[in-house]
Amino acid sequence: AACVGAGVHMRFGDEWEVKSLEMNKGTCEGVHLANGKVYAPRAVVVANGSWMRHLLPLPVTPHKGQSFSLRMPPGAPPVLSRVLFAQDTYIVPKADGRIIVGATVEPGRYDGDVTPEGMMHCLSEATRLIPSLGELPIEETWAGLRPTTPDKCPIIGATEQWDNVY
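The structure contained in this document is the topic of the report that follows.

Each value, and the rule that gives it
Residues numbered from 1 in each chain as written. Predicted model: local features only at pLDDT ≥ 70, side-chain atom pairs only at ≥ 80, totals over all residues. Heavy atoms only, no water. Helix = DSSP H or I, 4+ residues; strand = E, 2+ residues; numbered from the N terminus. Contact = heavy atoms within 4.5 Å. Pairing = 2+ DSSP bridges. Phe/Tyr/Trp six-rings, centres within 6.5 Å; stacked < 30°, edge-to-face > 60°. Lys NZ or Arg CZ within 6 Å of the ring centre and 35° of its normal. Buried < 20%, exposed > 50% of the residue type's maximum accessible area, 1.4 Å probe, protein only. Salt bridge = Lys/Arg side-chain N within 4 Å of Asp/Glu carboxyl O.

## Considerations on the side chain of Ser50
As for its position among the elements, Ser50 is in the loop between β3 (38–39) and β4 (61–71). Excluding residues within four positions of it along the chain, Ser50 makes contact with Val60, Pro62, Tyr110, Leu145, Arg146 and Pro147.

Dropping the structure here:
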């Protein structure tokens, strides 16, 4: 809301896929879209996560994470009342009866596939911590990509190389 209030134009969807940034003398002079259109921006905020290195020479790589949700039976008492973090997994109870379990850490993977190996890793860690989770039905599975830098810190703010790229 603050961005829109400040006059920022947010663009989402496949029709806005950026293929490249045209850089000249420390300034981004053009945003080239996959559909062939080119825009001349006053400023550019690059917020494409794990794909950032496709546009800028920054040390960002994906770390794939596979997760799933379990469903508590209706009316059953919760098996967990707070978030549980362990070395290799987390378990998050939700108010609607779901229990979120995650996640693998798979450096350098760009695919969004959920695999038996990833599910078994998360499930075995979760049931080691709370054995009764093994009796609950799996409701949903997913995989996401975390943008990761060598120091594990986010890249936020102005860039050093370009005066209008953030």
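## Quick look at the sheet that holds strand β2 (residues 27–33)
Spatial strand order, β1-β2-β3: three strands in an open sheet with antiparallel pairing. Each of the sheet's edge strands pairs with one partner strand only, and the pair in question is β1 (18–24) and β3.

## Describing the packing of aromatic side chains
Within this structure, the stated rule accounts for two aromatic pairs. For the pair Trp16 and Tyr39, a centre-to-centre distance of 5.7 Å together with 40° between the ring planes defines the contact as tilted. Of the two residues, Trp16 sits in the loop between α1 (2–5) and β1 while Tyr39 sits in strand β3, which places them 23 residues apart along the sequence. Across the ring face of Trp16, the terminal group of Arg11 is positioned such that the distance to the ring centre comes to 4.9 Å.

## Here's the deal with the environment of Cys122
If you trace the backbone, Cys122 turns up in helix α2 (residues 116–129). Judged by its relative accessible area of 1%, Cys122 is buried. Residues Cys122 and Thr104, 18 residues apart in the sequence, show an inter-C-alpha distance of 6.7 Å. Contacts of Cys122, omitting those with residues within four sequence positions, involve Gln66, Phe68, Thr89, Val101, Gly102, Ala103 and Thr104.

## Remarks on the pairing of strand β6 (residues 90–93)
The pairing of strand β5 (residues 84–85) with β6 spans two bridges and is classified as antiparallel. Looking across to β6, one finds that Leu84 is bridged to Ile91. Hairpin connection between β5 and β6: a loop of four residues separates the two successive antiparallel strands.

## Thoughts on the pattern of salt bridges
Tallying each qualifying case throughout the model produces seven salt bridges. Between Glu139 and Arg71 there is a salt bridge, with its nearest N and O atoms 2.8 Å apart. On the criterion of sequence distance, the pair formed by Glu139 in strand β9 (residues 138–148) and Arg71 in strand β4 is long-range, its members being 68 residues apart. The class of Glu139 is partly exposed, set by a relative accessible area of 39%. Given a relative accessible area of 26%, Arg71 falls into the partly exposed group. Linking Arg98 and Asp96 is a salt bridge whose minimum nitrogen-to-oxygen distance equals 2.8 Å. A relative accessible area of 22% places Arg98 in the partly exposed class. The network of salt bridges with shared partners includes Lys64, Glu106, Arg109 and Asp111.

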